[in-house]
Amino acid sequence: MNRFRVSKFRHTEARPPRREAWISDIRAGTAPSCRNHIKSSCSLIAFNSDRPGVLGIVPLQGQGEDKRRVAHLGCHSDLVTDLDFSPFDDFLLATGSADRTVKLWRLPGPGQALPSAPGVVLGPEDLPVEVLQFHPTSDGILVSAAGTTVKVWDAAKQQPLTELEAHGDLVQSAVWSRDGALVGTACKDKQLRIFDPRTKPQASQSTQAHENSRDSRLAWTGTWEHFVSTGFNQMREHEVKLWDTRFFSSALASLTLDTSLGCLMPLLDPDSGLLVLAGKGKRQLYCYEVVPQQPALSPVTQCVLESVLRGAALVPRQALAVMSCEVLRVLQLSDTAIVPIGYHVPRKAVEFHEDLFPDTAGCVPATDPHSWWAGDNQQVQKVSLNPACRPHPSFTSCLVPPTEPLPDTAQPAVTETPVGDADASLRKPGRLPDTALPTLQNGAAVTDLAWDPFDPHRLAVAGEDARIRLWRVPAEGLEEVLTVPETVLTGHMEKICSLRFHPLAADVLASSSYDLTVRIWDLQAGVDRLKLQGHQDQIFSLAWSPDGQQLATVCKDGRVRVYRPRSGPEPLQEGPGPKGGRGARIVWVCDGRCLLVSGFDSQSERQLLLYEAEALAGGPLAVLGLDVAPSTLLPSYDPDTGLVLLTGKGDTRVFLYELLPESPFFMECNSFTSPDPHKGFVLLPKTECDVREVELMRCLRLRQSSLEPVAFRLPRVRKEFFQDDVFPDTAVSWEPVLSAEAWLQGANGQPWLLSLQPPDMSPVSQAPREAPARRAPSSAQYLEEKSDQQKKEELLNAMVAKLGNREDPLPQDSFEGVDEDEWAKYLAQIIVMGVQVVGRAFARALRQEFAASRAAADARGRAGHRSAAASNLSGLSLQEAQQILNVSKLSPEEIQKNYEHLFKVNDKSVGGSFYLQSKVVRAKERLDEELKIQAQEDREKGQTPHT
């Protein structure tokens, strides 16, 4: 009987509205993302603007000028890849971005300002977030896809409930079934997968969807059994298929459209079964009725658009003009306008037609995340669309509480929350307006600048005209162009190189110049009080000692000098500096006991040199080669942790080392890599760090068109306690200890110290110790007859054996029953004392390896130099990396196979350690780099790349 069913939608008309109903004068984005670029709730429309990371926000319904008033919300510092409104709260918006985060925003109602920061931040992920969707029955659950990973999030707890099994390639679509029980995914590996996330993370069913891997999308119908997929066939024609999850081997029905480069966006209304197919970059909308019972995709109507389509979205059914028999409304996003297109059934327009408008899901969630995860399958209560039955109960999500309306109803400027670990540490993050910005007109090219640490509104600017200008910046920021500085300091004869404020004394500034002098200025008097001499060439950098009594410089003449400015103009001592004649920088480290110099050697390799401050003449204590790059490394040192950040202008990598005044001197930590080059990188005061998240350092990274924070955090388990072992009392760097006059007359002082411990947190050193998880037998019985050296050697041998032979037991397997604290203690001792232990165990092997590497480099010429540079960069030699992954020849397949095995068996969840996993990862990176070097060598010789 259904075979001869007559559709009630067969005469449906698509009616583009009158032009005055358009939302015009917008600037939509044309980024290459395959998502819809526009979404709608019953109250608001959000769409991608032409500025990456910025969404346009406009009311769905409005009167007069309000209808055309578009506000802009800066969500991310990179492209917004997907967005979704909550099905229950019209003003709750979720955004995913190429900056790898998901954010939840409370959008304003009438009289309210746009938010300056998100209410919830999820992530960051390892890769850009591609897909995002709210749960259809529970408030606070989302599904997201990033790379090959799909996660189900509990937004209230800001953590994933589950992570679905890794897909074979990029996940292109992830959607909830109508009842919220299943998740369907489409992947670039051409597979469709169905998951029951509450039961298991593995796919319950999978099948091949389309023959072409490009841009596959999913949309679920009104039942849990059926959904629609769009994609391409081998002829690159658009395909649409109807699937039944109970019979997943082949599609129930399919149709083929035209050939097009743009992706096909399926917009499916589950209540009516109407499916609109919107091709990005096209001028047509195709409407079909999905009839699973026949099964069929029955054509309804086709609409020709006036402009090219950039994105499309369905308006929720509660917002339809039901008395005009509008059964569907599509919002078309073009370059300059949002055009609503209504689909109307020709009926008598003064009555409510129940057959056209069945009851639809209301806006009150059926369950909360905890209950849903525990197995609650309650469905959202349905409501009638008949205007006589309204209004319906409303709902406001507690995920992001609403704010009180502001008395000023003017729309705020565009705001933007930066990428990475962005939070409220930047007090007012946001995008600057497009209008001309007020500036400081210095009058000469700027060579350096420095903020006064004791006066946050005073900025010292050095110029090529040999003058230093002191500017007074208003507390509320610049509101007009400043052309007259507060003070101008004159005295240098040539352009100025660098500026450094005194760390303890107010109004004391040091400057270096191309006239080969360093001058110490009294800013109160506006004159230089001291002049240091003895340099034979350009002064690259200068630095005050932590106690403010000494000043160190590094010069182009290849010398490092230390002065006591109040004792005389000549250097107190000096020693050999970097051999390269290019830029260098200097900073005091290790509580003022040592000096760190970054520079170049004679072969243009960037290197670090560590000196004992009291013995410069003896040369550096240690020298560490990093890489070959043109930019000068700029060091930023944190005296509380002994960590130094090193990066250069135009770099994408930030090196991180812990410095020690004794061997091994340099201990490498995980580096930070950015997707694009930065123009500058600066360390913020310690008080800007979020100690609750064990944030050791917070920096600002200057990009081409934005300024973003970057946080360095230490993974800790018991974050409810203040980690007093990594947060000692820090210096109060914003209050002076001495006046300029007192310091010039010979007075000294020490900075005051401030505890970073929040009042509601207890130190971890006083936390009760947790009972060990395993106690059979006692570690004392196992270790009591062995010396400390034997214990260290056994642990080290176990680790090396595991890395070299996949059949050997894990290191921790040899210590079954050992107290976790004891295990951590001995492992930490091995890591810290690694140089001594490894030196005794492998000194001869390392010498042989070095000789072999050197001989191989000489034999291979340019490839050998590249390989040696790769070894320096990674910190691993080729032979060492091969031993770790247990590969005898450079076979990509064998490398990948062994890498995956060793990384898995050393996972923390199965008793492994991050230390061993990091060794495996670094070995894999080193071997991958060697494969690239060999391929390049083969190309240069005109040969086919080999393995």
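Residues numbered from 1 in each chain as written. Predicted model: local features only at pLDDT ≥ 70, side-chain atom pairs only at ≥ 80, totals over all residues. Heavy atoms only, no water.

## A word on the overall build of the chain
Each helix and strand in the chain was counted, giving 10 helices and 58 strands. Intrachain contacts of the chain at a sequence separation of at least 6 include 53% that bridge at least 24 residues. Carbon and sulfur atoms make up 50% of the accessible area of the chain, which amounts to about 43500 Å² in all. (Helix = DSSP H or I, 4+ residues; strand = E, 2+ residues; numbered from the N terminus. Contact = heavy atoms within 4.5 Å. Areas by Shrake-Rupley, 256 points an atom, 1.4 Å probe, with all protein chains shown as cover.)

## Describing the packing of aromatic side chains
Scanning all chains against the criterion turns up 13 aromatic pairs. With a centroid separation of 5.8 Å and 25° between ring planes, the pair formed by Phe722 and Phe727 is classed as stacked. Here the aromatic residues Trp220, Phe227, Trp243 and Phe248 are joined through ring pairs into a cluster of three or more. The ring of Phe232 is capped by Arg214, whose NZ or CZ atom sits 4.1 Å from the centre of that ring. Residue placement shows Arg582 over the ring face of Phe600; its charged tip is 4.0 Å from the ring centre. (Phe/Tyr/Trp six-rings, centres within 6.5 Å; stacked < 30°, edge-to-face > 60°. Lys NZ or Arg CZ within 6 Å of the ring centre and 35° of its normal.)

## A few points about the environment of Lys151
Mapped onto the elements, Lys151 comes out in strand β13 (residues 149-154). Taking C-alpha positions, Lys151 is 5.9 Å from Thr162, a pair spaced 11 residues apart along the chain. Reaching out from Lys151, the side chain makes a polar contact with the side chain of Glu125 at a distance of 3.1 Å. (Polar contact = N/O pair within 3.5 Å; in protein donor to acceptor, adjacent residues only side chain to side chain.)

## Let's talk about the sheet that holds strand β37 (residues 496-501)
Spatially, β37-β38-β39-β40 is the arrangement adopted by the 4 strands of the open sheet, whose pairing is antiparallel. Only two strands of the sheet have a single neighbouring strand rather than two, namely β37 and β40 (527-532). Adjacent strand axes in the sheet meet at a mean angle of 25°, parallel and antiparallel pairs treated alike. With 5 bridges joining them, β37 and strand β38 (residues 508-513) adopt antiparallel strand pairing. (Pairing = 2+ DSSP bridges. Axes fitted to C-alpha atoms, helices over the stretch in contact; angles between N-to-C directions.)

## So, unusual backbone geometry
Between Gln294 and the following residue, Pro295, the backbone shows a cis peptide bond with an omega angle of -20°. Here Pro295 lies in the loop between β25 (284-291) and β26 (296-304). In this chain, Ser663 is followed by Pro664 through a cis amide linkage whose omega measures 10°. Tracing the backbone through its elements, the reader meets Pro664 in the loop between β51 (653-659) and β52 (666-668). The backbone of Gln158 shows a phi angle near 55°, a positive value even though the residue is not glycine. Despite not being glycine, Asp507 has its phi angle at roughly 65°, a positive value. Of note, Asp507 is situated in the loop between β37 and β38. Overall, Asp507 belongs to the buried group, its relative accessible area being 13%. (Buried < 20%, exposed > 50% of the residue type's maximum accessible area, 1.4 Å probe, protein only.)

## Regarding helix α9 (residues 892-905)
Compared with the 20 Å implied by 1.5 Å per residue over 14 residues, the 20 Å span of α9 between its first and last C-alpha is a close match. Taken together, the buried positions of α9 are Ile895, Asn898, Tyr899 and Leu902. For α9, the angular spread of buried residues about the axis comes to 105°, placing them on one side. Relative to its buried face, α9 has exposed residues pointing more than 90 degrees away, namely Glu893, Lys897 and Lys904. (Expected span 1.5 Å × (residues − 1). Arc of directions from axis to C-beta.)

## What to know about helix α8 (residues 878-885)
Residue pairs spaced three or four apart in an α-helix point in one direction, given the helix's 3.6 residues per turn. When α8 is considered as a whole, its buried residues turn out to be Leu878, Ala881, Gln882, Ile884 and Leu885. For α8, the angular spread of the buried residues around the axis is 160°, confining them to a single face. Asn886 occupies a position one or two residues after α8 and carries a positive phi of about 60°.

## Section: the sheet that holds strand β46 (residues 594-600)
The antiparallel open sheet is built from 4 strands, whose spatial order is β45-β46-β47-β48. Two strands close off the open sheet at either side, each with one partner strand: β45 (585-589) and β48 (622-628). The sheet shows a mean angle of 20° between the axes of neighbouring strands, taken without regard to direction. Bridge count between strand β47 (residues 605-612) and β48: 6 bridges; the pairing is antiparallel. Across the sheet, Glu605 pairs through a bridge with Val628, a residue of β48.

## What to know about the pattern of salt bridges
For the structure shown, the criterion picks out 37 salt bridges. Linking Glu486 and Arg472 is a salt bridge whose minimum nitrogen-to-oxygen distance equals 3.3 Å. With Glu486 in the loop between β35 (467-472) and β36 (487-490) and Arg472 in strand β35, the pair connects residues that are 14 residues apart, well separated along the chain. Given the relative accessible area of 35%, Arg472 is considered partly exposed. Two residues, Glu708 and Arg701, come together in a salt bridge whose shortest N-O distance is 2.9 Å. In terms of burial, Glu708 and Arg701 fall into one category: buried. (Salt bridge = Lys/Arg side-chain N within 4 Å of Asp/Glu carboxyl O.)

## Brief notes about the environment of Leu114
Locating Leu114 in the fold gives a position in the loop between β9 (102-106) and β10 (120-122). With 40 residues separating them in the primary sequence, Leu114 and Gly74 have C-alpha atoms 9.4 Å apart.

## What about the confidence of the model for the chain?
Looking at the chain, pLDDT values average 81 and 81% of them are 70 or higher. Note on residues 1-5: pLDDT is under 50 here. Beyond four places in sequence and across chains, it has 6 contacts. Low pLDDT (under 50) marks residues 802-860, which in the prediction has 94 contacts with non-local residues, meaning those over four places away or in another chain. (pLDDT = per-residue confidence, 0-100.)

## A word on the side chain of Arg606
Positionally, Arg606 belongs in strand β47. Since its relative accessible area comes to 2%, Arg606 is described here as buried. Here the side chain of Arg606 touches Ser631 through a polar contact of 3.0 Å, side chain to side chain. Engagement of the side chain of Arg606 in a polar contact is seen with the side chain of Asp651, the distance being 2.9 Å. What Arg606 contacts, discounting residues up to four positions off in sequence, is Gly599, Phe600, Leu624, Gly625, Leu626, Asp627, Ala629, Ser631, Leu633, Gly648, Asp651 and Phe655.

## Quick look at the nonpolar core
Counting residues in each nonpolar core, the largest one holds 32 residues, and the members touching the most others are Val276, Leu285, Val327, Val330, Ile341 and Tyr343. Elements with a contribution of two residues or more to this core: β23 (264-269), β24 (274-279), β25, β26, β27 (311-314), β28 (326-333) and β29 (337-344). At 4 residues, the largest contribution of residues to this core is made by β29. Ignoring any residue separated from it by four or fewer positions in sequence, one finds Ile341 in contact with Ala14, Arg15, Pro16, Leu285, Cys303, Leu305, Leu328, Arg329, Val330 and Gln332. Counting residues in hydrophobic clusters, the runner-up holds 18 residues, among them Val587, Cys590, Leu596 and Val644. (Core = buried A, V, L, I, M, F, W, Y, C linked by side-chain atoms within 4.5 Å.)

## Structural notes on the pairing of strand β42 (residues 551-555)
Of all 5 residues making up β42, 5 are buried, and the element is well covered by its neighbours. Of the two faces of β42, the one lined by Leu551, Thr553 and Cys555 and the one lined by Ala552 and Val554 are each fully buried. Bridge analysis of strand β41 (residues 539-544) against β42 gives 5 bridges, and the strand direction is antiparallel. Bridging across to β42, Leu542 finds its partner in Thr553.

## Side note on the environment of Asn906
With respect to the secondary-structure elements, Asn906 resides in the loop between α9 and α10 (914-941). Owing to a relative accessible area of 0%, Asn906 belongs among the buried residues under this scheme. Residues Asn906 and Gln917, spaced 11 residues apart in sequence, show a C-alpha to C-alpha distance of 5.9 Å.

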